[in-house]
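In case you want the letters, here they are:
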Amino acid sequence: MIHNQTVIEQRPAPSSAIGPLAWLRTNLFSDPINTIFTLIGLYVLYLLVVPTVQWAFINADWVGTTREDCSREGACWVFVNARFTQFIYGLYPRAEIWRANIVFAGFFTLIAWLAIPRLPFKRWVAVFALVGFPVVAYVLLHGGYFDLPRVPTHRWGGLMLTLLLATVGMVGALPIGIVLALGRRSNMPIVKSFCVVFIEFWRGVPLITVLFMASVMLPLFMPSGISVDRLVRALIGLTLFQSAYMAEVIRGGLQAIPKGQEEAAAALGMTYWKRMGLIVLPQALKMMIPGIVNTFISLFKDTTLVMIIGLFDLLGIVQAALADSRWLGFSLEGYVFAAFMFWIFCFSMSRYSQYLERKLNTGHKR
Amino acid sequence: MKTVRWLGLGISILAPSVAMASTLETVQNRDSVRCGVNAAQPGFSALDDDDQYRGLDTDICRAIAAAALGDASKVDFVPLDSVERFTALQSGEVDVLSRTTTWTSNRDTSLGINFTGVSYYDGQAFMVASDLGVQSTKELDGAAVCTQSGTTSELNLSDYFRIHNMAYDAVVFDSPEQSIAGFEAGRCDVLSSDASQLYAQRMQLADPDRAVVLPEIISKEPLGPAVRQGDDQWFNIVKWTLFAMLNAEELGISQENVDEQLDSDNPDIMRLLGQDGDFGEAMGIEADWAYQIVKQVGNYAEIYDRNVGSDSDFNIARGLNGLWNNGGIQYAPPIR
């Protein structure tokens, strides 16, 4: 006798087990307590989001040129709109803004080129970005060469200045930090003590003090008549300060590399620089990405401190704009704009570092 | 050759300025006046939408440039923090400091700087909500007063209330924005600060008419431009720039009518505008220096009204800053 085998046809899982409803059920409404908390959470979210959206979008005023165009019921983005050029370029002469635009375009192109894996000639682009581009950017921004009118640095400002300070600080601090970290682990007593003193000195003073010394005390020590540009003073101060922090981040990474790696390299007859450059640092730097990016992000935000030495970075120029009698009382809009810009850059850095970590992951991650 | 280029690149960053020369020569060689100003002080020095500094202090910088170089636009504004302003002046980074700086004996005598005059007589005042119906500071017994920490205002406030045997609750904030927000939220009945700042803070209220600034002034805060000690020629130029603007107002010469006034036969006007005698020569500047000031910047009344007075949003009455023959104490020596 042959049994009639009834084959049950494949069916999709019941809607109570998969799909958004099931997800809601398991995650948000699994039991009474969970349900209560979910409802409370939704209510709080409602209380927060609705007025914010109303303020920032629905009741906001977008078009116009003066404060009279703002109803004051919502955000007055007219203010940010009217000041946008100033927020981006500072007091850079309007007729010369094309120069800043070229630098901006070059800057973002280079970054994109280096960040997107498919594009070729990475090595040459990197060399150009580190050697050629700063010169091009300086000549373009500062002028005085090739019939370009000179734009003194005190007219630079806004987002342009923030990016400049942060980029120079990062690019300068990383190599100095590596050298300092290697020096601190060195067996040579003079090199070692110099590095220790340097790092501990710069880590021991707040950045605001460094900038203050650079702007208030330094001019008094200089021979009369010689004054170093304040932007240069700020850049040097910022770079030295950050390099000390960077050195400690890198030293942490170096210590995580097992000693056997270096000993094995030494056994192969590698010199010190080869051991470091080919074996230790590539592994260490990879592990230190979160720490390095952490330092970069904090540096990016620290650049706002240059405000106290009379440089208008993004936040500084926003605050300066708030003092214009035609725009008094729109500080919230100004600060929200500045916060948003800072968030864009910091968040991008954070995402890129996570991407790098995944890309460079060789299975050592625990 | 290439090395020279690179060297030039480096040196141009170091931007050497010649300090051995007199300030006027330095200014003329550079073809601009470097003027230390406040980065953000409504009515005195603030950036407008077109990247231009507007304000009473910055107009004084422009007037100095008009006198010294004949062109009011030849000013490099250097925004300065309140701490570094004196260093910047001492070290030669700026030629003149026009930054809401109170003229005090200590600053005048111990910092190596000289104040050239008073461009604005300021003083600490009180602002109250208008629905309280308070008419005078004497009625403020027991009030909650918002003020900023670490300022002389805080000190003046406690002195004033002690002297007048009145009690008050201090509500202390860190910045002008915070204190006005506290005032608006009803944390205090009274806001106390320098009068010039109070008017700016009042503008930040949702409805500025809800608050009034009481007429009493409880401290002396004469604000004025300052120059380095030891260069009397430059000191004179800055000093007489302000005097020329005051004299122009007194003689009725304004930006609008200054060209007609060139034909005036009033000897005072002729001397001021350089039609009779040369009063610029002794200062090393052109004979028409005062004409350039009035033509390009305006007389004192004009810069006052434009920036803080009746033509501005602040609408501060002239008060002490009126001319001596008009109820105020602004008085300029004659030009002759």
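Residues numbered from 1 in each chain as written. Chains lettered and ligands numbered in written order. Predicted model: local features only at pLDDT ≥ 70, side-chain atom pairs only at ≥ 80, totals over all residues.

Caption draft 1: Here's a closer look at the overall build of chain A. Counting secondary structure elements, chain A contains 14 helices and zero strands. Scanning chain A from its N terminus toward the C terminus, one meets helices and strands in the order α-α-α-α-α-α-α-α-α-α-α-α-α-α. Against the 2.2 N^0.38 benchmark of 21 Å for 366 residues, chain A shows a C-alpha radius of gyration of 27 Å, more extended than a compact globule. Burial status across chain A gives 30% buried among its 366 residues. Partitioning the intrachain contacts of chain A with sequence separation of at least 6 by distance along the chain shows that 64% fall at a separation of at least 24. (Helix = DSSP H or I, 4+ residues; strand = E, 2+ residues; numbered from the N terminus. Rg over C-alpha atoms; globule rule 2.2 N^0.38 Å. Buried ≥ 20, exposed ≤ 12 C-beta atoms within 10 Å, placed from the backbone. Contact = placed C-beta atoms within 7 Å.)

Caption draft 2: Up close: helix α13 (residues 300-307) of chain B. Residue and element names in this part refer to chain B. Of all eight residues in α13, six are buried, a share of seventy percent or more. Y300, A301, E302, I303, Y304 and N307 are the residues of α13 that are buried. Tucked into the core, α13 has its buried residues touching β3 (53-54), α3 (56-69) and α9 (232-250).

Caption draft 3: Representation of the packing of helix α12 (residues 289-302) of chain A against helix α14 (residues 331-360) of chain A in the model. Residue and element names in this part refer to chain A. For the pair α12 and α14, interaxial distance at closest approach is 10 Å and the crossing angle is 170°. By the criterion of interaxial angle, the relationship of α12 to α14 is roughly antiparallel. Seen from α12, the contacting residues are I289, P290, V293, F296, I297, F300 and K301; seen from α14, they are F342, F345, C346, M349, S350, S353, L356 and E357. Class assignment for the residues of the contact of α12 with α14 results in eleven nonpolar, two polar and two charged. (Axes fitted to C-alpha atoms, helices over the stretch in contact; angles between N-to-C directions. Parallel < 35°, antiparallel > 145°, perpendicular 65-115°, else oblique. Nonpolar A, V, L, I, M, F, W, Y, C, P; charged D, E, K, R; others polar.)

Caption draft 4: Structural context of helix α5 (residues 122-142) of chain A. Residue and element names in this part refer to chain A. Along its 21 residues, α5 runs 28 Å from first to last C-alpha, staying within 8% of the 30 Å computed at 1.5 Å per residue. For α5, the principal kink sits at G132 and spans about 45°; a proline, P134, occurs within the next four residues. Taken as a whole, α5 has its buried residues at A137, L140 and H142. Taken together, the buried residues of α5 touch α4 (97-115). (Expected span 1.5 Å × (residues − 1). Bend = angle between axes of the 7 residues up to and from the residue.)

Caption draft 5: Molecular detail of the pairing of strand β11 (residues 190-194) of chain B. Residue and element names in this part refer to chain B. In terms of residue burial, β11 counts as a mostly covered element, since five of its five residues are buried. Where strand β8 (residues 124-129) lies against β11, five bridges are found, and the strand directions are antiparallel. In the strand pairing of β11, Q124 is matched with D194. Bridge analysis of strand β9 (residues 143-148) against β11 gives two bridges, and the strand direction is parallel. The residue of β11 that forms the bridge with V145 is V190. (Pairing = 2+ DSSP bridges.)

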